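Listed here are the chains, written in short residue letters.
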Amino acid sequence: MERVFGLLSWTLSRVLWLSGLSEPGAAQQPRIMEEKALEVYDLIRTIRDPEKPNTLEELEVVTESCVEVQEIDEEDYLVIIRFTPTVPHCSLATLIGLCLRVKLQRCLPFKHKLEIYISEGTHSTEEDINKQINDKERVAAAMENPNLREIVEQCVLEPD
């Protein structure tokens, strides 16, 4: 449904631009951000849950609306992910955040700054987890652990 609204919005902005009622750059900017957000979502939706045989999309841990992209300058973008753990006491929320970060750092085709958060009010220790998954040194230390790295690799592996 969101894609239909996006297409409708783009079509309307194009008609306004062609009729001279709108500037081309003004209509193009939101569309570019929406396209980049969909690109990000397509990368993260296939990440596997560390505990279950499902993807984060299937468990509704991530949705299209949890991804936001903002332009920092002409070539840099701020990517913000707000994911929702399946339960408020999910013990693997930090690991899910780590999987999101690793997958996007490897696969995003444009320059970006990445911020990952647990959706407000959806986890009992969201503030602590948000600090951990956005701390470069903690992320690097976690990825040095061979057991943790193997779990992350299994979760971010693309399905056949």
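Residues numbered from 1 in each chain as written. Predicted model: local features only at pLDDT ≥ 70, side-chain atom pairs only at ≥ 80, totals over all residues. Heavy atoms only, no water.

Looking up the chain in an unreviewed UniProt entry gives the name Cytosolic iron-sulfur assembly component 2A, with the organism given as Heterocephalus glaber. According to the UniProt record, the Sequence similarities (unreviewed entry) comment for the chain reads "Belongs to the MIP18 family." (UniProt positions renumbered as here; feature names shortened; annotations may be inferred.)

Topic: the overall build of the chain
Per the secondary structure count, the chain includes 6 helices and 3 strands. In sequence order, the chain lays out its α and β elements as α-α-β-β-α-β-α-α-α. A burial count over the chain gives 37% of its 160 residues as buried. In the chain, the proportion of contacts linking residues at least 24 apart, taken out of those at least 6 apart, comes to 61%. (Helix = DSSP H or I, 4+ residues; strand = E, 2+ residues; numbered from the N terminus. Buried < 20%, exposed > 50% of the residue type's maximum accessible area, 1.4 Å probe, protein only. Contact = heavy atoms within 4.5 Å.)

Structural notes on the environment of Asp128
Structurally, the position occupied by Asp128 is in helix α4 (residues 126-133). What makes Asp128 partly exposed here is its relative accessible area of 45%. Spatially, the C-alpha atoms of Asp128 and Thr94 are 9.4 Å apart, while their sequence positions differ by 34 residues.

Some points on the packing of helix α3 (residues 93-107) against helix α6 (residues 146-156)
Across the interface, α3 lies against α6 with an axial gap of 10 Å and an inter-helix angle of 65°. Relative to α6, the element α3 lies roughly perpendicular. Crossing geometry of α3 relative to α6 is assigned as right-handed. For the pair α3 and α6, the contacting residues are Leu95, Leu98, Cys99, Val102, Lys103 and Arg106 in the first and Leu148, Ile151, Val152, Glu153, Cys155 and Val156 in the second. Broken down by class, the residue content of the contact of α3 with α6 amounts to 9 nonpolar, no polar and 3 charged. (Axes fitted to C-alpha atoms, helices over the stretch in contact; angles between N-to-C directions. Parallel < 35°, antiparallel > 145°, perpendicular 65-115°, else oblique. Left-handed = near helix turned anticlockwise from the far one by under 90°. Nonpolar A, V, L, I, M, F, W, Y, C, P; charged D, E, K, R; others polar.)

Considering the nonpolar core
Residues Val40, Ile44, Val62, Val67, Ile81, Phe83 and Leu100 are the most contacted members of the largest nonpolar core, which totals 39 residues. The set of elements that each furnish at least two residues to this core consists of α2 (24-44), β1 (67-71), β2 (76-83), α3, β3 (111-118), α4, α5 (136-144) and α6. With 8 residues, α3 is the largest single contributor of residues to this core. In this view, Phe83 contacts Val61, Val62, Ala93, Ile96, Gly97, Leu100, Ile116, Tyr117, Ile118, Ser119, Thr122 and Ile133; residues no more than four positions away in its chain are not counted. (Core = buried A, V, L, I, M, F, W, Y, C linked by side-chain atoms within 4.5 Å.)

Let's talk about the pairing of β2
Regular strands place their side chains on alternate faces of the sheet. Where burial is concerned, most of β2 is hidden: 7 out of the 8 residues are buried. With antiparallel pairing between neighbouring strands as the criterion, β1 and β2 make up a hairpin whose turn holds 4 residues. (Pairing = 2+ DSSP bridges.)

Examining the pattern of salt bridges
Counting across every chain of the model gives 9 salt bridges. Note that Glu68 is salt-bridged to Arg82, the shortest N-O span being 3.4 Å. Of this pair, Glu68 sits in strand β1 while Arg82 sits in strand β2, and the two are 14 residues apart along the sequence. Its relative accessible area of 37% is what places Arg82 among the partly exposed residues. A salt bridge links Glu158 to Lys103; the nearest nitrogen and oxygen atoms lie 2.3 Å apart. On the criterion of sequence distance, the pair formed by Glu158 in the segment after α6 and Lys103 in helix α3 is long-range, its members being 55 residues apart. Among the charged side chains, a network of salt bridges with common partners joins Asp42, Arg45 and Glu57. (Salt bridge = Lys/Arg side-chain N within 4 Å of Asp/Glu carboxyl O.)

A few points about the sheet that holds β3
Across the sheet, which stays open at both edges, the 3 strands sit in the order β1-β2-β3 with mixed pairing between neighbours. Where the open sheet ends on each side, the last strands, each with one partner, are β1 and β3. Each strand axis lies, on average, 20° off the axis of its neighbour in the sheet, ignoring direction. Alignment of β2 against β3, held across 8 bridges, turns out to be parallel. Of the residues in β3, the one forming a bridge with Tyr77 is His112.

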